[in-house]
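# A structural walkthrough
Below are the chains, spelled out letter by letter.
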Amino acid sequence: MGKTGRDWTQIYAIYGMDDWQTPVFLLIHAIFFSVSSVLFLIYFDWICSSLDSILPAVFSSGFARFAAGFTGSVTALSGVCLFYAAGNIFYSSVALRWEMAQRMVGAVHDWSTVKTALDVGCGRGILLNAVAMQLKKEGSSGRVVGLDRKNTTLSTLRTAGMEGVQEYVTCREGDARRLPFPDNYFDVVVSAGFLHTVGKEFGQKTAAAAAERMRVLGEVVRVLKGGEIGVIWDLVHVPEYVQRLQELKMEDIRVSERVTAFMVSSHIVSFRKPSQHVVGPSEVRLDWRFNNIC
């Protein structure tokens, strides 16, 4: 059971995994290195004598034992590290996402007044459905919109149906760098494990990629109502987000403790948009006319 009282097998059964290949690849190599280290241990004396007999001019008896022992130790350590990496990626893909979604929902203290919420980069809907379940728990008439750049609407709505919250969920396909919503529209804006993927076509550490991420962050601020809360969980680049939120004059910026996800550091950042907010240089005022946003 997880911290939220749900069976992780149930969560995996509902949401599945987008990327099975990586943990399976790591697991196969972990098994290979582990078996190799066991073989080194079993045949240690034979390996030492073989090294000594094949290259007697290079390997003395003592050095041959050291070389065989060192190689076996490195092989065993590699197996342990690969097992850990495979487990962490498997856990991070669904179970940790669910746990972090619950923490993000908890960062908003009053859901009873929330009428419109947005999940940027909703994917299969783990955070989206967590928000919808909270709205349902509060007896709210509000709805949450899930936006993703990929056409995942059917799979996302399917998971919402399995969670029993389909009436609270709407999905849209769109570009997070130019959110198709008017200014000051949502009572809550959330995003989980998405911002770091924006601009990756430019290379994660390039200035162009950083500019794209900041553009999305500016859009999050733009569509959030004044006085309301935004919550973001992401990897690696959280200090950049905090700096940008400070530049945009956001209030009550809070950063959670470090959580290892996908073998890197991650944090939750929450902030409140001032009731009177001046548009920043990377924000764009849009004059949209929507009839069916939610």
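Residues numbered from 1 in each chain as written. Predicted model: local features only at pLDDT ≥ 70, side-chain atom pairs only at ≥ 80, totals over all residues. Heavy atoms only, no water.

### Considering helix H5 (residues 126-137)
Under the 1.5 Å per step criterion, the end-to-end length of H5 is 16 Å for twelve residues, consistent within 8% with the ideal 16 Å. Most of H5 is tucked away: nine of the twelve residues are buried. Within two residues after H5, glycine 139 carries a phi angle of roughly 70°, on the positive side. (Helix = DSSP H or I, 4+ residues; strand = E, 2+ residues; numbered from the N terminus. Expected span 1.5 Å × (residues − 1). Buried < 20%, exposed > 50% of the residue type's maximum accessible area, 1.4 Å probe, protein only.)

### A few points about the packing of aromatic side chains
Enumeration over the complete set of coordinates arrives at seven aromatic pairs. Measuring from ring centre to ring centre gives 5.6 Å for phenylalanine 32 and phenylalanine 33, while their planes differ by 80°; the resulting arrangement is edge-to-face. With relative accessibility at 27%, the residue phenylalanine 33 sits in the partly exposed group. Aromatic side chains tyrosine 185 and phenylalanine 186 sit 4.9 Å apart centroid to centroid with 80° between the ring planes, which places their arrangement in the edge-to-face category. An aromatic cluster of at least three residues, connected via ring pairs, comprises Tyr12, Trp20 and Phe90. (Phe/Tyr/Trp six-rings, centres within 6.5 Å; stacked < 30°, edge-to-face > 60°.)

### Things to note about the pattern of salt bridges
Overall, the coordinates contain ten salt bridges when judged by the stated rule. The partner of glutamate 247 in a salt bridge is arginine 244, with the nearest N and O atoms 2.9 Å apart. In this pair, glutamate 247 and arginine 244 are both assigned in helix H8 (residues 238-247), three residues apart and thus about one turn of the helix distant. You can call glutamate 247 partly exposed: its relative accessible area is 43%. Residue classification places arginine 244 among the buried positions, given a relative accessible area of 10%. What emerges from the salt-bridge pattern is a single network uniting Asp175, Arg177, Glu201 and Glu212. (Salt bridge = Lys/Arg side-chain N within 4 Å of Asp/Glu carboxyl O.)

### Some points on the packing of H5 against helix H6 (residues 153-163)
Closest axis-to-axis distance for the H5/H6 pair is 10 Å, and the angle between their directions is 35°. Like other packed secondary-structure pairs, H5 and H6 cross with a definite hand, here right-handed. Contacts between H5 and H6 pair Leu128, Asn129 and Met133 from the former with Thr156, Thr159, Ala160 and Glu163 from the latter. Class assignment of the residues belonging to the contact of H5 with H6 gives a composition of three nonpolar, three polar and one charged. (Axes fitted to C-alpha atoms, helices over the stretch in contact; angles between N-to-C directions. Left-handed = near helix turned anticlockwise from the far one by under 90°. Contact = heavy atoms within 4.5 Å. Nonpolar A, V, L, I, M, F, W, Y, C, P; charged D, E, K, R; others polar.)

### Some details on the side chain of histidine 237
Note that histidine 237 resides in the loop between strand E5 (224-235) and H8. Relative accessible area serves as the criterion here: at 10%, histidine 237 is assigned to the buried category. Excluding residues that lie within four positions of it along the chain, histidine 237 makes contacts with His196, Gln204 and Arg213.

### Observations concerning the environment of arginine 103
Along the chain, arginine 103 turns up in helix H4 (residues 61-106). The spatial distance from the C-alpha of arginine 103 to the C-alpha of serine 256 is 9.9 Å, given a sequence separation of 153 residues. Sequence-distant contacts of arginine 103, that is, excluding residues within four places in its chain, are made with Ser256, Glu257, Val259 and Ile268.

### Some points on the confidence of the model for the chain
Residues with a pLDDT of 70 or more make up 90% of the chain, whose mean pLDDT is 87. Under a pLDDT of 50 for its full length, residues 284-294 has, in the predicted model, 31 contacts with residues more than four places off or in other chains. (pLDDT = per-residue confidence, 0-100.)

### Comments concerning the nonpolar core
Of all hydrophobic cores here, the largest spans 42 residues; its most connected members are Met104, Trp111, Val131, Val144, Val169 and Trp233. Contributing elements (two or more residues each) for this core: helix H1 (8-15), H4, H5, strand E3 (169-173), strand E4 (186-192), E5 and strand E7 (259-261). For this core, the element with the most residues is H4, which contributes eight residues. The contacts of tryptophan 233, once residues within four sequence positions are left out, are Leu96, Arg97, Met100, Met104, Ser191, Ala192, Gly193, Phe194, Ala261, Ser266, His267 and Ile268. (Core = buried A, V, L, I, M, F, W, Y, C linked by side-chain atoms within 4.5 Å.)

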